[in-house]
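Each chain, letter by letter, is given below.
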Amino acid sequence: MAKRKLKKNNTYHSSSVASVKPKSQKEMAQTEKSATFALAAVALVVAVCVAPLAAEISSSDIHHHKHLSLKMDEAQLTVNNELSYEVQVSWMSQRCYQCLYQQLGVVPAGLGPGQPSSVNFVVSTQHEITVQINSTPIELELCKIPFHFGEHGNYSLWVKTLNASFGVNCSVVTDKDPVNSYIPILVAFLIYALLALVFAIGKKVWGLDAVRGLVLRLGSSMETERLINSELGPTRVVPPVTDNILPPPLTSSKRLRSLDTFRGISLVIMVFVNYGGGRYWFFRHESWNGLTVADLVFPWFVFIMGTSIALSINALLRAGATRCSLLRKAVWRSLQLFIIGVLVINPNYCQGALAWENLRIPGVLQRLAWSYLVVACLDLLVARGQLDVITVDAWWSPAIDFLLYWPAWLCVILLEVLWLFLTFLLPVPDCPTGYLGPGGIGDMGLYVNCTGGAAGFIDRLLLGEKHMYQNPSSRVIYATRIPYDPEGVLGSINSILMAFLGLQVCNLYLSGVGLLLFLAYSHKDIKLLEKLKEVNGWLSFFLYFNCPQAGKIILHYRERPKSIMSRFLIWGLSLGVISAFLTKCSTDRGFIPVNKNLWSLSYVTTLACFAFVLLMLVYYIVDVNKWWSGAPFYYPGMNSILVYVGHEVFEDYFPFRWRMSNSQSHAEHLIQNLVATSCWVIISYLLYKKKIFWKI
């Protein structure tokens, strides 16, 4: 109702933004001047084209807001009280589940008929809020208005007497239209899309023989070399004649670009949101239950890490490495990741040694280290160093994903049972058993210090409050008071499940029908080779000699892509059904809500569902049809550890950050964050060209 009244009343409250051009050019020049040195061409184009939007927002802010100085994601609300008694104004975010109202202030009684008393308040514009008006003498609710205020808008809330029977009428009127803070996102998207289109067209044009011939003719030295070669003729290497039944010689295994592209997509989005994401709320982590863009990328990174584990371990085992040596390597790599993670999240470079008193222990790399170690051990438990003959037509073949790896699946299921037991049955002092809420003002303020339930309690018990994250996202909406770490101990169990689900991708790549069909026969079996040769196109096999006495032919095959993609969709659909059951298709009312802070079971199944579907699309586009090379995401995906550590260490240095002319502008923050992210993509491309890769 409030929104309908707004549309009726705001037609005559239009305002224009005057004298914007001179100031926009000045601010654009300042932005260009601060970002000229050492910035890549792509980043510069984005900065130049989007910068005027920052000036528009800032100048409109100065011109119109005479009473209150508004910051980012804020609006001014003027409450006009015509009643004969004072009223109390409170508010509550619609994203805050079962929350207490928070007081804005008190508006005095009106001076008389037609002479209201007015008080200005600042309200949040990130989400729809409910404004509540109460009478102060007897705490009686007079009215309640849900409304989504716009950034830097001016609004008036009129509280009037409806009739002599003490009825009260409340209505919201727009005094000044808000700015559209989402235009910079649209402009940035169009610029990047245009650059991608230009690059694609340029690549097609460069591939034309006529264009290549024209470029060759422009260089005299290159032309001379071409003529000499044409006179002498190219050197031909005649391959030796061999039996066409035998497999091709041993070659290095081809790396699947879709996996590195998927990893790169996750990493680029992670860098962007870590740098601020333009300070938009959907590029930040959700306060408690629910999902934003920022909540997607870390689980995807864990997911694709599981895939890499399987590919690496299986290749090393086939090359002759022992399980003990691989276990030592996994432990050492996990230890390195953990130590680097502790150093990265506790920046104290200019202030001496790290202090143990407030050293944060959990973190992103620490969780990656833990997940990597456990999943690598599970894979070593079930990975097959020798070759088996498995019948494709067996009745149990559809469940081969589970049957071949049942010991690992059993361990993962036991870990999930442990998570469920601790989450729902562990007694937590002064909190209800099985509590999954945020505490603070949530649940009507009954459990203020119960943030995270058992997960928070275990972290405080094992780590101590000073070694946890001090500013959790739950403080934004739920006003929580105690520290809570989203990378805590209990959530690490579910990160293992996420990595283990990624492990299944390797199996699906090796077999489109879900089978790991390793055939071991003597290389002298001509009949077998004849039969293998009848299988066209999709099979690639090569020769390994595992021992001096007898060679073995290992058949690695990537079955028909349709089978691989259908298997991905089956996994994605199955996990989606599990998520729908656990959440009851709702944000807050399910058995186990989707929650990134808790790394809840439904959060893992939901994100794994998305990961299987997205990976299927990337695989189809990149590896099957080769419509896209994976660039530019492929390059950071090849150097993920370096990019992640580098973006954390150099976060506060130019060109990744600079002093902005208006720090309360989404546009300027978006420019800065896009430039910083683009720089890391360019750096990873240059390292790729130099064949420099940082691997632990």
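What this report covers is the structure whose coordinates are included nearby. (Residues numbered from 1 in each chain as written. Predicted model: local features only at pLDDT ≥ 70, side-chain atom pairs only at ≥ 80, totals over all residues. Heavy atoms only, no water.)

**Some thoughts on the overall build of the protein chain**
For the protein chain, the helix and strand inventory stands at 21 helices and 10 strands. When burial is assessed residue by residue, the protein chain has 49% of its 696 residues classed as buried. Long-range pairs, those at least 24 residues apart, make up 73% of the contacts in the protein chain between residues at least 6 apart in sequence. (Helix = DSSP H or I, 4+ residues; strand = E, 2+ residues; numbered from the N terminus. Buried < 20%, exposed > 50% of the residue type's maximum accessible area, 1.4 Å probe, protein only. Contact = heavy atoms within 4.5 Å.)

**Some thoughts on the packing of helix α7 (residues 257-274) against helix α8 (residues 297-318)**
The contact between α7 and α8 brings their axes to 9 Å, and the two run at 150°. In terms of their interaxial angle, α7 and α8 are classed as roughly antiparallel. For the crossing formed where α7 meets α8, the hand is left-handed. Of the residues in α8, those touching α7 at Leu259, Phe262, Arg263, Ser266, Leu267, Ile269 and Met270 are Val297, Phe298, Trp300, Phe301, Phe303, Ile304, Thr307, Ser308 and Leu311. (Axes fitted to C-alpha atoms, helices over the stretch in contact; angles between N-to-C directions. Parallel < 35°, antiparallel > 145°, perpendicular 65-115°, else oblique. Left-handed = near helix turned anticlockwise from the far one by under 90°.)

**Looking at the state of the cysteines**
With the rule as written, the count across this model stands at three disulfides. Here cysteine 143 pairs with cysteine 170 through a disulfide, and the sulfurs are 1.9 Å apart. What sets the handedness of the cysteine 143 and cysteine 170 disulfide is the S-S torsion sign, and at about -80° it is left-handed. Of the two residues, cysteine 143 sits in strand β6 (residues 140-147) while cysteine 170 sits in strand β8 (residues 168-176), which places them 27 residues apart along the sequence. With respect to class, cysteine 143 is no different from cysteine 170; both count as buried. Taking only the cysteines that form disulfides and numbering them from first to last, the protein chain has the pattern 1-2, 3-4, 5-6. (Disulfide = S-S within 2.5 Å.)

**Quick look at the environment of leucine 142**
Along the chain, leucine 142 turns up in strand β6. The sequence separation of leucine 142 and glycine 167 amounts to 25 residues, and the corresponding C-alpha distance is 8.3 Å. In this view, leucine 142 contacts Leu83, Tyr85, Val87, Ile133, Asn134, Ser135 and Val168; residues no more than four positions away in its chain are not counted.

**Some details on unusual backbone geometry**
For the bond running from alanine 631 to proline 632, omega is 0°, close enough to zero to count as cis. Its location among the elements puts proline 632 in the loop between α18 (601-624) and α19 (634-638). In this structure, the amide linkage connecting phenylalanine 654 to the following residue, proline 655, adopts the cis form with an omega of 10°. Along the chain, proline 655 turns up in the loop between α20 (640-649) and α21 (666-689). A positive phi is found at methionine 444, a non-glycine position, where the angle reads about 60°. Counting through the fold element by element, methionine 444 comes out in the loop between α12 (406-425) and α13 (454-462). Owing to a relative accessible area of 45%, methionine 444 belongs among the partly exposed residues under this scheme. The phi dihedral of lysine 691 is positive, around 60°, even though this residue is not glycine. Looking at where lysine 691 falls in the secondary structure, it is placed in the segment after α21.

**A word on the side chain of aspartate 485**
Its place among the elements puts aspartate 485 in the loop between α14 (474-478) and α15 (491-510). At 3.0 Å, the side chain of aspartate 485 and the backbone nitrogen of glutamate 487 are in polar contact. (Polar contact = N/O pair within 3.5 Å; in protein donor to acceptor, adjacent residues only side chain to side chain.)

**Section: the sheet that holds strand β3 (residues 102-107)**
With respect to topology, four strands assemble into an open sheet ordered β3-β2-β5-β6, the strand pairing being antiparallel. Looking at which strands have only one partner, the edges of the open sheet turn out to be β3 and β6. When the angles between neighbouring strand axes are averaged without regard to direction, this sheet yields 20°. (Pairing = 2+ DSSP bridges.)

**A look at the pairing of strand β7 (residues 154-161)**
In the sheet, strand β1 (residues 74-81) pairs with β7 via six bridges, with the strands oriented parallel. Bridge pairing in β7 links leucine 77 to tyrosine 155. Note that β7 and β8 share eight bridges and pair antiparallel. In the sheet register, leucine 157 faces β8, and the bridge partner there is valine 172.

**Things to note about the sheet that holds β8**
Strand order in this open sheet of four strands is β4-β1-β7-β8, and the pairing throughout is mixed. Here the strands that pair on one side only, and so sit at the sheet edges, are β4 (117-124) and β8. Taken pair by pair, the neighbouring strands of this sheet meet at an average axis angle of 25°, ignoring direction. When β1 meets β4, the two strands line up antiparallel, connected through eight bridges. What sits directly across from glutamine 76, in β4, is valine 122.

**Overview of the pattern of salt bridges**
As enumerated under the stated definition, the model contains eight salt bridges in all. With its nearest N and O atoms 3.8 Å apart, the salt bridge here joins glutamate 141 to lysine 144. When its relative accessible area of 41% is taken as the criterion, glutamate 141 is described as partly exposed. Residue class for lysine 144 comes out partly exposed when judged on its relative accessible area of 42%. Here arginine 263 ties to aspartate 260 by a salt bridge, and the two come within 2.6 Å at their closest N and O atoms. Of the two residues, arginine 263 and aspartate 260 are both situated in helix α7; the distance of three residues between them amounts to about one turn of the helix. (Salt bridge = Lys/Arg side-chain N within 4 Å of Asp/Glu carboxyl O.)

**Describing the packing of aromatic side chains**
Under the counting rule described, the total for this entry stands at 34 aromatic pairs. For the ring pair phenylalanine 147 and tyrosine 155, a centre distance of 5.6 Å and an interplane angle of 70° mean the geometry is edge-to-face. Among the residues examined, phenylalanine 147 registers a relative accessible area of 1% and is labelled buried. Between phenylalanine 581 and phenylalanine 591, the aromatic rings sit 5.5 Å apart at their centres with planes inclined by 40°, giving tilted as the arrangement. On the criterion of sequence distance, the pair formed by phenylalanine 581 in helix α17 (residues 561-583) and phenylalanine 591 in the loop between α17 and α18 is long-range, its members being 10 residues apart. On the basis of relative accessibility, which here comes to 46%, the residue phenylalanine 591 falls in the partly exposed class. Within the aromatic cluster, the residues linked to one another by ring pairs are Phe262, Trp300, Phe303, Trp409, Phe500, Phe568, Trp571, Phe612 and Tyr619. The lysine or arginine in question, arginine 257, covers the ring of tyrosine 634, its NZ or CZ lying 3.7 Å from the ring centre. The ring of tryptophan 599 has arginine 367 sitting right over it, with the charged end atom 5.1 Å from the ring centre. (Phe/Tyr/Trp six-rings, centres within 6.5 Å; stacked < 30°, edge-to-face > 60°. Lys NZ or Arg CZ within 6 Å of the ring centre and 35° of its normal.)

Any functional reading would require information that these geometric values do not contain.
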